[in-house]
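One-letter residues, chain by chain:
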Amino acid sequence: MILRYGIKLVTVTKSNPENVGTKVSLGGVRGGPDVKTLRKDIWWLPQVASGIGLALFVIYATWTAFRNGNYYDGAHGRDYLSPFYSPCLASNCTYKTASVLGTWWKLSPALPILIFPAGFRATCYYYRKAYYKSYWLSPPACGVAEPHKTYSGETKLPLILNNIHRYFWYFAVVFAIILTWDAVAAFRFGNSVGMGLGTLVFIVNAALIWLYTLSCHACRHLCGGHVDQFSKAKIRHWFWKKVSVLNPHHMLFAWLSLVWIGVTDFYVYLVASGTIHDPRFF
Amino acid sequence: MADLVVRLWRGDENGGEFIEFKIPAQEGEVVLDVVHRIQATLAPDLAVRWNCKAGKCGSCSAEINGRPRLMCMTRVNQLPEGEPIVITPLKTFPIIRDLVTDVSFNFEMLKKVPGFKPKPREADGTYRMYTEDVERGQEFRKCIECFLCQDVCHVIRDHEENKEHYAGPRLFVRYADLEMNPLDTNDRRQLLVEKMGLGYCNITKCCTEVCPEHIHITDNAIIPLKERVVDDRYDPIAWLGKKIFRKSKKVETDAK
């Protein structure tokens, strides 16, 4: 029975089972005006801000990755290694963490290691949201129509590769440990122990990297999110609860750690190039 | 108090237009109150779906100034003063008339969710659930099925063709609730990827933004489901661990 406005009246009884499991209602005429959006607030501002922020970081990171100099300050009695160059694995490093790559590597030693933190951030659930909205306009904002005619999301190459985020997380933990060691090493002043402004910069850097790494959604899943019955997995439940406290702030930690890693590198650059003097507290 | 200017979409499947109403403002009103006053005084044939006026039935979903919201939970004094209040029907679903849309798509997708299949009872004939086992799913059961999340999701809002193979955020909340249930024995991950379009979600969090029940749809339902799919499909370590240490759940591959 068809009523007004295309509403179909269906009575489901045992005698007419063909009405059970009707197909999903597709098509139909949509209401409302045919416009991109009716929003009048400044919906574009967060996307423009994060788009500019990410672009500035990529420009800075590219410059610092290729500059291949002034990334380690050992000349002024300090032990500051830029996080962009840590661990330094090539023989052409000013300060070698371990000569894993050997002498054949002639390019900047930052390049082979930056693949891992770059991959971790590129596949991060927060950054995905940011670049899908800011650069791909998919969508430009909530309730604002996207310009693309078709959409397949993360079902095809290359975006399906975002599913390997957890592998980058495994490496991210290793990098967080290394950057923590760098913060400890920043207390080394020649043959004595001390603390300078740079030491503080390195400590904040390591702390923010840990907060970003531990608040990750993949971490939350691996720590305990995969468990259905928490009563039989007490330790994983404890970890899951702790990570769940950090997880809602993942965006904040993503930005803070991104900015601060740039600040740390630039500080090392300024000190190593002799542009500024690193003040020593004790 | 100054008059309110309300721009309402009026029409049906044959077309429509904005009609502007000017009515006196009253203190403490929500948008649904204003719409009811328009219906009572200026447009008695205005179609609007509502029920509880308390943000619990999910009936009065609409788009207010371009944002999907419950009319009963949107206070007039929270909207920009001196500007017209623009009210339109949900964009993602077919129009019936004025502010009423046909949301049956969501119920049809709900029918396809493989149901709860509990494991056998314990020796004393009971099921045992501890607080920590039930608390995670409580959030999901707050859903009032207003379908604002479905409406704002660009996967179907901007691409009608995706409705054939995309369940949408509300349904992912339901899937997450079932998948995380300690008693349930079904495994819906293959179904989620192959027929329910979990991979289409690009985690823009619009669903979370509009949820009137403040369910963390993306963080607590969709991303955990995506990670469970990674366990199943893209992580050989997790796959190996599952083979060695755990019995697999029954794989539910077909939508009903």
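Residues numbered from 1 in each chain as written. Chains lettered and ligands numbered in written order. Predicted model: local features only at pLDDT ≥ 70, side-chain atom pairs only at ≥ 80, totals over all residues. Heavy atoms only, no water.

Draft legend 1. Summary view of the state of the cysteines. Counted by the stated rule, this structure contains two disulfides over all chains. Between A:Cys88 and A:Cys93 runs a disulfide, and the two sulfur atoms are separated by 2.2 Å. Measuring handedness by torsion sign, the sulfur bridge of A:Cys88 and A:Cys93 sits at about -95° and is left-handed. You can call A:Cys93 buried: its relative accessible area is 6%. Residue A:Cys142 pairs covalently with B:Cys206 via a disulfide, S to S 2.1 Å. Because the torsion about its S-S bond is -85°, the bridge between A:Cys142 and B:Cys206 counts as left-handed. One end of the pair, A:Cys142, is in the loop between helix H3 (125-134) and helix H4 (165-185); the other, B:Cys206, is in helix H8 (residues 206-210), on a second chain. A residue is classified by how much of its surface remains accessible, and B:Cys206, at 4% relative accessible area, is buried. A:Cys219 takes part in no disulfide bond, and the closest cysteine sulfur to it belongs to A:Cys223, at a distance of 3.8 Å. Note on B:Cys72: no disulfide assigned, nearest cysteine sulfur contributed by B:Cys60 at a separation of 3.6 Å. (Disulfide = S-S within 2.5 Å. Buried < 20%, exposed > 50% of the residue type's maximum accessible area, 1.4 Å probe, protein only. Helix = DSSP H or I, 4+ residues; strand = E, 2+ residues; numbered from the N terminus.)

Draft legend 2. Structural detail: the packing of helix H1 (residues 45-67) of chain A against helix H8 (residues 250-272) of chain A. Residues and elements named next belong to chain A. Closest axis-to-axis distance for the H1/H8 pair is 11 Å, and the angle between their directions is 35°. For H1 against H8, the interelement crossing comes out left-handed. Residue-level contacts link Ser50, Gly53, Leu54, Phe57, Tyr60, Trp63, Thr64 and Arg67 of H1 to Trp255, Leu258, Ile261, Gly262, Asp265, Phe266 and Tyr269 of H8. By residue class, the composition of the contact of H1 with H8 is nine nonpolar, four polar and two charged. (Axes fitted to C-alpha atoms, helices over the stretch in contact; angles between N-to-C directions. Left-handed = near helix turned anticlockwise from the far one by under 90°. Contact = heavy atoms within 4.5 Å. Nonpolar A, V, L, I, M, F, W, Y, C, P; charged D, E, K, R; others polar.)

Draft legend 3. Structural view of helix H3 (residues 131-138) of chain B. Within the sequence span of H3(B), burial applies to B:Glu132, B:Asp133, B:Arg136 and B:Gly137. Looking down the long axis of H3(B), one finds its buried residues gathered within 140° of arc, a one-sided arrangement. Contact partners of the buried residues in H3(B): helix H6 (217-225) and helix H7 (234-246) of chain A together with helix H6 (169-179) and helix H9 (217-233) of chain B. (Arc of directions from axis to C-beta.)

Draft legend 4. Structural view of the layout of surface pockets. All names here are of chain A. For the second largest pocket, the calculated volume is near 690 Å³. Along its surface, the second largest pocket is lined by 31 residues, and Phe57, Pro117, Ala118, Arg121 and Leu258 are the ones closest to its centre. Elements that contribute at least two residues to the lining of the second largest pocket include exactly H1, helix H2 (110-122), H3, H4, helix H5 (197-214) and H8. Residues that form the lining of the second largest pocket fall into these classes: 27 nonpolar, three polar and one charged. (1 Å grid on protein atoms, 1.4 Å probe; cavity = no way out; pocket = protein on both sides within 12 Å on 5 of 7 lines; lining within 4 Å. Points joined across faces, edges and corners; volume = space filled by probe spheres on them.)

Draft legend 5. Representation of the interface of chain A and chain B within the structure. Contacts between the two partners involve 60 residues from chain A and, on the opposite side, 73 residues from chain B. At the boundary of chain A with chain B, total buried surface from both sides reaches about 5,600 Å², with 52% on carbon and sulfur atoms. Scanning the region where chain A abuts chain B turns up seven salt bridges. Of all the secondary structure elements, the ones that give two or more residues to the side of chain A that touches chain B are H3, H4, H6 and H7 of chain A. (Buried area = accessible area lost by both parts, 1.4 Å probe. Salt bridge = Lys/Arg side-chain N within 4 Å of Asp/Glu carboxyl O.)

Draft legend 6. Quick look at the confidence of the model for chain A. Mean pLDDT over chain A stands at 90; residues scoring 70 or higher make up 90%. Across residues 1-23 of chain A, confidence stays below pLDDT 50; counting only partners more than four residues off in sequence or on other chains, it has 20 contacts. (pLDDT = per-residue confidence, 0-100.)

Draft legend 7. Main features of the sheet that holds strand E4 (residues 67-70) of chain B. Residue and element names in this part refer to chain B. As summarised here, the arrangement of the five strands in space is E2-E1-E5-E3-E4, forming an open sheet in which the pairing is mixed. Each edge of the open sheet carries a strand with a single partner, namely strand E2 (15-24) and E4. Direction aside, neighbouring strands of the sheet carry axes that sit 30° apart on average. Pairing of strand E3 (residues 61-64) with strand E5 (residues 85-88), which is carried by two bridges, proceeds in the antiparallel orientation. Across the sheet, the residue bridging to Glu63 is Thr88, located in E5. Along the sheet face, helix H1 (residues 31-41) touches strand E1 (3-12), E2, E3 and E5 and points at about 95° away from the line of E2. (Pairing = 2+ DSSP bridges.)

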